[in-house]
Amino acid sequence: MCNDTDETRRKVVKLTGAVGVGAVLAGPMNVFASESLGNVQSRGYAAFDESGKLKPWKFERRPVGDNDVLIDIKFASICHSDIHQEKGHWGKQKYPQVPGHEIVGVVAAVGKNVSKFKVGDRAGVGCMVGNHNHHHDTDEEQYNPDTIFTYGYPDDRSPTGISQGGYANNIVVEENFVMHIPDSISFEEAAPLMCAGITTYSPLMRANLQPGTKVGIAGIGGLGHMAIKIAVSKGAEVYAFTTSPAKVKDILAFGAKEAIVVDDLSKLAPYNGKMDYMLSTIPYDFNVAAYAAVVKPYGTFTQVGMPIKSEVTVNALYLAFARVNFNASLIGGIKETQEMVNYCAEHKVLPKIQKIKAAQINDAWESVVNKEARYRYVIDAATF
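The structure presented is a predicted model; accordingly, all values stated were derived computationally and were not measured.

Asker: What am I meant to see in the overall build of the protein chain here?
Answerer: For the protein chain, the helix and strand inventory stands at 10 helices and 17 strands. Within the protein chain, buried positions represent 55% of all 384 residues. Taken as a whole, the protein chain presents about 16,000 Å² of accessible surface, with 52% of it coming from carbon and sulfur.

Asker: Can you help me understand the nonpolar core in this one?
Answerer: Generally speaking, soluble globular proteins have nonpolar side chains that are buried together. Counting residues in each nonpolar core, the largest one holds 88 residues, and the members touching the most others are Ile78, Tyr167, Leu204, Ile228 and Ile361. Residues in contact with Leu204, not counting those within four places in the same chain, are Leu209, Val215, Ala227, Ile230, Ala231, Tyr277 and Leu279. Grouped together as the second largest cluster of nonpolar side chains are 21 residues, Tyr239, Phe241, Met275 and Val324 included.

Asker: What should I look at first to understand unusual backbone geometry in this one?
Answerer: A negative phi holds for most residues other than glycine; trans holds for most peptide bonds. A cis amide bond, omega -5 degrees, links Tyr95 with the succeeding residue Pro96. Cis peptide bonds are those with omega within 30 degrees of zero, and the linkage from Arg374 to Tyr375 qualifies with -5 degrees. With respect to the helices, strands and loops of the structure, Tyr375 is situated in the loop between helix H10 (361–369) and strand E17 (376–380). The phi torsion at Asn208 lies on the positive side, around 50 degrees, for a residue other than glycine. Overall, the relative accessible area of 53% leaves Asn208 in the exposed class. The phi dihedral of Lys348 falls on the positive side, at around 55 degrees, and the residue is not glycine.

Asker: Help me understand the pattern of salt bridges, please; the structure alone is not making it clear to me.
Answerer: Close approach of charged atoms lets side chains of opposite charge pair. Here the structure, examined in full by the defined rule, presents 16 salt bridges. Notably, a salt bridge pairs Lys352 with Asp250, separated by 3.5 Å at the nearest N-O pair. Separated by 102 residues along the polypeptide, Lys352 in the loop between helix H9 (334–347) and strand E16 (353–356) and Asp250 in helix H6 (residues 248–253) bring together distant segments of the chain. The class of Asp250 is buried, set by a relative accessible area of 17%. Linked through salt bridges whose partners overlap, the residues forming this network are Glu140, Arg206 and Glu336.

Asker: Explain the sheet that holds strand E10 (residues 214–218) to me, please; I cannot follow it from the model alone.
Answerer: Taken together, the 6 strands give an open sheet; going across it, the order is E12-E11-E10-E13-E14-E15, and neighbouring strands pair in parallel fashion. Of all the strands in the sheet, the pair left with one neighbour each is strand E12 (258–261) and strand E15 (325–328). Put simply, the sheet's adjacent strands are angled 20 degrees from each other on average, direction ignored. Of the strand pairs in this sheet, strand E14 (residues 295–303) and E15 are connected by 4 bridges, and their pairing is parallel. Residue pairing across strands places Thr302 opposite Asn327, the latter belonging to E15. Contacts from helix H4 (residues 196–206) reach E10, strand E13 (275–280) and E14, with the element oriented near 160 degrees to E13.

Asker: What should I look at first to understand the pairing of E13 in this one?
Answerer: Two faces belong to every sheet, and in a regular strand the side chains alternate between them. Most of E13 sits inside the fold, with 5 of its 6 residues counted as buried. In terms of strand pairing, E10 meets E13 through 4 bridges, oriented parallel. Bridge pairing in E13 links Gly216 to Met278. Here E13 pairs with E14 via 5 bridges, running parallel. Residue pairing across strands places Leu279 opposite Thr302, the latter belonging to E14.

Asker: Sorry if this is basic, but what is going on with H10 here?
Answerer: Count 3.6 residues to each turn of an α-helix, and residues three or four apart come out pointing the same way. Turning to H10, its buried residues number three or more, namely Ile361, Asn362, Ala364, Trp365, Ser367 and Val368. For H10, the secondary structure elements touched by its buried residues are strand E1 (40–47), strand E2 (54–61), helix H2 (80–86), E16 and E17. The positive-phi residue at the C-terminal boundary of H10 is Lys371, with phi of around 60 degrees.

Asker: Any chance you could explain the environment of Phe384 here in plain terms?
Answerer: Topologically, Phe384 is positioned in the segment after E17. Taking the C-alpha atoms as reference points, Phe384 and Ser42, 342 residues apart in sequence, are found 9.7 Å from one another. Ignoring any residue separated from it by four or fewer positions in sequence, one finds Phe384 in contact with Arg43, Gly44, Tyr45, Gly166, Tyr167, Ala168, Asn169, Ala358, Ile361 and Ile379.

Asker: How do you make sense of the packing of aromatic side chains when you look at a structure like this?
Answerer: Any aromatic ring pair is given by two values, namely how distant the centres are and how the planes are angled relative to each other. Here the structure, examined in full by the defined rule, presents 11 aromatic pairs. Centroid distance Phe241 to Tyr271: 5.7 Å. Interplanar angle 90 degrees. Geometry classified as edge-to-face. Pair noted here: Phe241 is in strand E11 (residues 237–242) and Tyr271 is in the loop between E12 and E13, with a separation of 30 residues, a long-range link. Phe241 gets classed as buried once you look at its relative accessible area, which sits at 1%.

Asker: Which parts of the structure should I look at to understand the packing of H4 against helix H5 (residues 222–233)?
Answerer: Orientation of H4 relative to H5, taken along the N-to-C sense of each, is 45 degrees, at an axis distance of 9 Å. Between H4 and H5, the angle is such that the two are oblique. Considering how the two elements wind past one another, H4 and H5 form a crossing that is right-handed. In this structure, H4 uses Ala196, Gly197, Thr199, Thr200, Tyr201, Leu204 and Met205 to contact H5, whose residues at the interface are Gly222, Leu223, Met226, Ala227, Ile230 and Ala231.

Asker: Would you mind going over H4 with me for this structure?
Answerer: In terms of burial, H4 is largely enclosed, as 9 of its 11 residues are buried. Of the residues making up H4, those classed as buried are Ala196, Gly197, Ile198, Thr199, Thr200, Tyr201, Ser202, Pro203 and Leu204. Looking at the buried positions of H4, the neighbouring elements they touch are E10, H5, E13, E14, H9 and E17. Phi turns positive one or two residues past the end of H4, at Asn208, with a value near 50 degrees.

Calculation notes
- Residues numbered from 1 in each chain as written.
- Predicted model: local features only at pLDDT ≥ 70, side-chain atom pairs only at ≥ 80, totals over all residues.
- Heavy atoms only, no water.
- Helix = DSSP H or I, 4+ residues; strand = E, 2+ residues; numbered from the N terminus.
- Buried < 20%, exposed > 50% of the residue type's maximum accessible area, 1.4 Å probe, protein only.
- Areas by Shrake-Rupley, 256 points an atom, 1.4 Å probe, with all protein chains shown as cover.
- Core = buried A, V, L, I, M, F, W, Y, C linked by side-chain atoms within 4.5 Å.
- Contact = heavy atoms within 4.5 Å.
- Salt bridge = Lys/Arg side-chain N within 4 Å of Asp/Glu carboxyl O.
- Pairing = 2+ DSSP bridges.
- Axes fitted to C-alpha atoms, helices over the stretch in contact; angles between N-to-C directions.
- Phe/Tyr/Trp six-rings, centres within 6.5 Å; stacked < 30°, edge-to-face > 60°.
- Parallel < 35°, antiparallel > 145°, perpendicular 65-115°, else oblique.
- Left-handed = near helix turned anticlockwise from the far one by under 90°.

Written out as structure tokens, the structure reads:
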């Protein structure tokens, strides 16, 4: 015979998977989530307007649903996209808004239908956290119009009306949008892989790199330095184009054959028509045709950096003379992201990071804008 108390106890055991993980949240019982105490209590740093200045904020996330995973965040890293979005560079935003889509931590609770994760698993979250219709019928979720992106995206399940990101102590994510993090890499090194890693890995893999392929990488920041490392790991001959002379030594240490300081567009001329492929991570408006000209005719130029207003200048005449195939790429799907994480762990293709505390976020943002980051700031979530 079963009474209500027994049934509740079974639900709690299924949802949590373990005893003693309640310390994850504000109170020791909040981990029991949707079937007991409702909304998840969270704390983090949020933007409240377009000033780009973040402040501490306590807020609520939705309860852990049947197909959800609650993650106790250990580290979240800073992407230039965080800055663009919170400053309204890509359009008007709803505030308060917690940024952050490079997230790693430990599973603290699971819904009753979850089968891929259990409490205690190492987990990562990137730019997507769910689907409005709870469907998962594609390996390229980033192009599904029903996909919910990690922060600032309309989400009627969220108590705030929008998704809230990873500059926080926890996050609730649909199971199918979570990656497993191998034990062989640290949490802090894994965090930047969730966006910087997959954003560069995906187009580089589609370029079918072979040993000796000449690859140009433009813009050597958080994304660019990962692009160098990934391309080098595939045997490519990498030429890095940067506007920061102070980065040359690092660029060569990452494995690039050459580091070209583009303090004037004329510095590109000696490389015109030399590259088989070029990947641009430049997050500002720039002269695309001048950079595309370094690619051989019928080669490919891929843009992954997203500037203010998401616009870049393209001179059609100059681009026509180069006869380069021009495209842009948006992160990667969950299956490919897991593939990337496993590849980077196996081949030790890991980011160069600087660990910071939450109180240092605003200063770190300034450093990113001023091209001073070396190369990914990673926030210790214990300091939120």
